[in-house]
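Listed below are the residues making up each chain.
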Amino acid sequence: HENCGAVSAVVAAAEESKELPGLQKLLQRIRPALKEINPRLPTEKRIAAAVEANVRLSMTQLATIPEHKKALAEGQVSLVGAVYELETGKVRVLD
């Protein structure tokens, strides 16, 4: 969802070059999604980009799980990435 607290924490930690004890496992999962995000974007836009990047990374990770990979290949399931917009209640499907 937009303004995700976990993603926001990773963005903030990257800005301040600090680690957040207690959230290490979560941060390790999200941090790779931030590689392609322009650090010069305003914080709000950087968080929005990070949320989308995290959805895309999660989709990639899910698609590599053997059971999911097989179901996707056989057309049994589809994998769709989306972001829930808190203010509007709408779900925005990503390309």
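The coordinates are above.
I will try to describe carefully the structure that is included in this document.

Calculation rules
- Residues numbered from 1 in each chain as written.
- Predicted model: local features only at pLDDT ≥ 70, side-chain atom pairs only at ≥ 80, totals over all residues.
- Heavy atoms only, no water.
- Helix = DSSP H or I, 4+ residues; strand = E, 2+ residues; numbered from the N terminus.
- Buried < 20%, exposed > 50% of the residue type's maximum accessible area, 1.4 Å probe, protein only.
- Contact = heavy atoms within 4.5 Å.
- Areas by Shrake-Rupley, 256 points an atom, 1.4 Å probe, with all protein chains shown as cover.
- Core = buried A, V, L, I, M, F, W, Y, C linked by side-chain atoms within 4.5 Å.
- Salt bridge = Lys/Arg side-chain N within 4 Å of Asp/Glu carboxyl O.
- Patch = residues over 30% accessible without salt bridge, like charges linked within 9 Å, V, L, I, M, F, W, Y side chains within 5 Å.

1. Focus: the overall build of the protein chain
When helices and strands are tallied, the protein chain shows 4 helices and 2 strands. Order of helices (α) and strands (β) in the protein chain, N terminus to C terminus: α-α-α-α-β-β. Taking all 95 residues of the protein chain together, 26% fall into the buried category. Considering only contacts within the protein chain whose residues lie at least 6 apart along the sequence, 48% involve residues at least 24 apart. Per element, the accessible surface of the protein chain, about 6800 Å² overall, is 55% carbon and sulfur.

2. With respect to the nonpolar core
Counting residues in each nonpolar core, the largest one holds 17 residues, and the members touching the most others are Val7, Val11, Leu34, Ala50 and Val51. With 6 residues, the top contributor of residues to this core is helix α3 (residues 43–63). Residues within four places of valine 7 in sequence aside, it is in contact with Ile30, Ile47, Ala50, Val51 and Asn54.

3. Things to note about the pattern of salt bridges
Within this structure, the stated rule accounts for 4 salt bridges. The shortest N-O distance in the salt bridge between glutamate 52 and arginine 92 comes to 2.6 Å. Of this pair, glutamate 52 sits in helix α3 while arginine 92 sits in strand β2 (residues 91–93), placing them 40 residues apart in sequence. Residue glutamate 52 is classed as partly exposed on the basis of its relative accessible area, which comes to 22%. Residue arginine 92 is classed as partly exposed on the basis of its relative accessible area, which comes to 30%. Put simply, glutamate 74 and lysine 70 hold a salt bridge, and the shortest N to O gap is 3.5 Å. For lysine 70, a relative accessible area of 53% puts it in the exposed group. Bridged by salt links that share partners, the residues Glu52, Arg56, Glu85 and Arg92 form one connected network.

4. Some remarks on a nonpolar patch on the surface
On the surface, Val80, Tyr84, Leu86, Val91 and Val93 cluster together into a nonpolar patch covering about 480 Å² of accessible area. Using a relative accessible area of 37% as the deciding quantity, one classes tyrosine 84 as partly exposed.

5. Comments concerning the side chain of glutamate 85
Checked against the element boundaries, glutamate 85 lands in the loop between β1 (82–84) and β2. Take glutamate 85: its relative accessible area is 17%, and that puts it in the buried class. Glutamate 85 has contacts with Glu2, Lys90 and Arg92, leaving out every residue within four places of it along the chain.

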